[in-house]
Amino acid sequence: QVQLVESGGGLVQAGGSLRLSCARSGRTFSRYAMGWFRQAPGKEREFVATINWSGGSTYYTDSVKGRFTISRDNAKNTVYLQMNSLKPEDTAVYYCAVGQLSRVVAEYDYWGQGTQVTVSS
């Protein structure tokens with residue numbers, strides 16, 4: 001089994017920054033991708049960013065390109081999401097996940113419990 005624990009969420013004003021972290025523990029397997037998704041109230045969970053095992057490939061949803069950066073430290077079993085120039089529409093619960101390098105929710109096998117990000121205008 002794999003456990004994922006997100007941290008770093010909070011309340012920030014528009015234009016501000018937050019850095020989310022997701023620490024993985026439990027079962028070890030090689031060359032997995034990690035992704036960040038988000039879910040706003042009344043909406044479906046949506047893809048934000050994903051990164052492959054080496055960190056050499058990253059993909060973002062269009063709305064966060066140039067503002068968010070995903071990275072990982074395999075020695076610490078941790079993935080990060082640096083979020084800059086935050087907008088009120090970024091408000092959501094953010095989830096990290098382990099699985100295939102994909103934008104599709106179903107391609108990820110393990111999920112964290114989520115961390116709330118609220119951006120005030």
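Residues numbered from 1 in each chain as written. Predicted model: local features only at pLDDT ≥ 70, side-chain atom pairs only at ≥ 80, totals over all residues. Heavy atoms only, no water.

S.K.: Looking at this structure, I do not really get the overall build of the protein chain. What am I missing?
M.R.: Looking only at helices and strands, the protein chain has zero helices and eleven strands in total. Helices (α) and strands (β) of the protein chain occur, in sequence order from the N terminus, as β-β-β-β-β-β-β-β-β-β-β. Relative to the 2.2 N^0.38 estimate, which gives 14 Å for 121 residues, the radius of gyration of the protein chain is 13 Å and therefore close to what a compact globule would have. In terms of overall dimensions, the protein chain has C-alpha extents of about 40 × 25 × 25 Å along its principal axes. In the protein chain, which comprises 121 residues, the proportion classed as buried is 44%. Partitioning the intrachain contacts of the protein chain with sequence separation of at least 6 by distance along the chain shows that 55% fall at a separation of at least 24. Total accessible area on the protein chain is roughly 6,200 Å²; 45% of this is exposed by carbon and sulfur atoms. (Helix = DSSP H or I, 4+ residues; strand = E, 2+ residues; numbered from the N terminus. Rg over C-alpha atoms; globule rule 2.2 N^0.38 Å. Buried < 20%, exposed > 50% of the residue type's maximum accessible area, 1.4 Å probe, protein only. Contact = heavy atoms within 4.5 Å. Areas by Shrake-Rupley, 256 points an atom, 1.4 Å probe, with all protein chains shown as cover.)

S.K.: Explain the sheet that holds strand β7 (residues 68-73) here, please?
M.R.: Remark on secondary structure: sheet strands pair via backbone hydrogen bonds, oriented parallel or antiparallel. Strand order in the open sheet formed by four strands is β1-β3-β8-β7, and the pairing between neighbours is antiparallel. In this open sheet, the two edge strands, each paired with only one partner strand, are β1 (2-7) and β7. For this sheet the average axis-to-axis angle between neighbouring strands, irrespective of direction, equals 15°. In this structure, β1 lies alongside strand β3 (residues 18-26), joined through six bridges in antiparallel fashion. (Pairing = 2+ DSSP bridges. Axes fitted to C-alpha atoms, helices over the stretch in contact; angles between N-to-C directions.)

S.K.: Hey, could you run me through the environment of Gly 55 in this one?
M.R.: For Gly 55, the location among the structural elements is in the loop between β5 (46-51) and β6 (58-60). The spacing of Gly 55 and Ala 33 is 22 residues in sequence and 8.9 Å in space, taken between C-alpha atoms.

S.K.: Which parts of the structure should I look at to understand the nonpolar core?
M.R.: Nonpolar side chains in soluble globular proteins generally cluster together in the buried interior. Grouped together as the largest cluster of nonpolar side chains are 28 residues, with contacts concentrated most on Trp 36, Leu 81, Met 83 and Tyr 94. Mapped onto this core, the elements with two or more residues apiece are β1, β3, β4 (33-39), β5, β7, β8 (78-83), β9 (92-99) and β11 (115-120). When residues of this core are assigned to their parent elements, the largest contribution, four residues, is made by β9. Those residues within four positions of Met 83 in sequence are excluded, and the remaining contacts are Gly 16, Ser 17, Leu 18, Leu 20, Arg 67, Phe 68, Tyr 94 and Val 117. (Core = buried A, V, L, I, M, F, W, Y, C linked by side-chain atoms within 4.5 Å.)

S.K.: What's the story with the state of the cysteines in this structure? I'm lost.
M.R.: Joining two cysteines, a disulfide is a covalent bond between their sulfur atoms. All chains considered together, the criterion is met by one disulfide. Here Cys 22 connects covalently by a disulfide to Cys 96, the sulfurs 1.9 Å from one another. Around the S-S axis, the bridge from Cys 22 to Cys 96 shows a dihedral of about 45° and counts as right-handed. On the criterion of sequence distance, the pair formed by Cys 22 in strand β3 and Cys 96 in strand β9 is long-range, its members being 74 residues apart. Considered together, Cys 22 and Cys 96 belong to a single accessibility category, that of buried residues. (Disulfide = S-S within 2.5 Å.)

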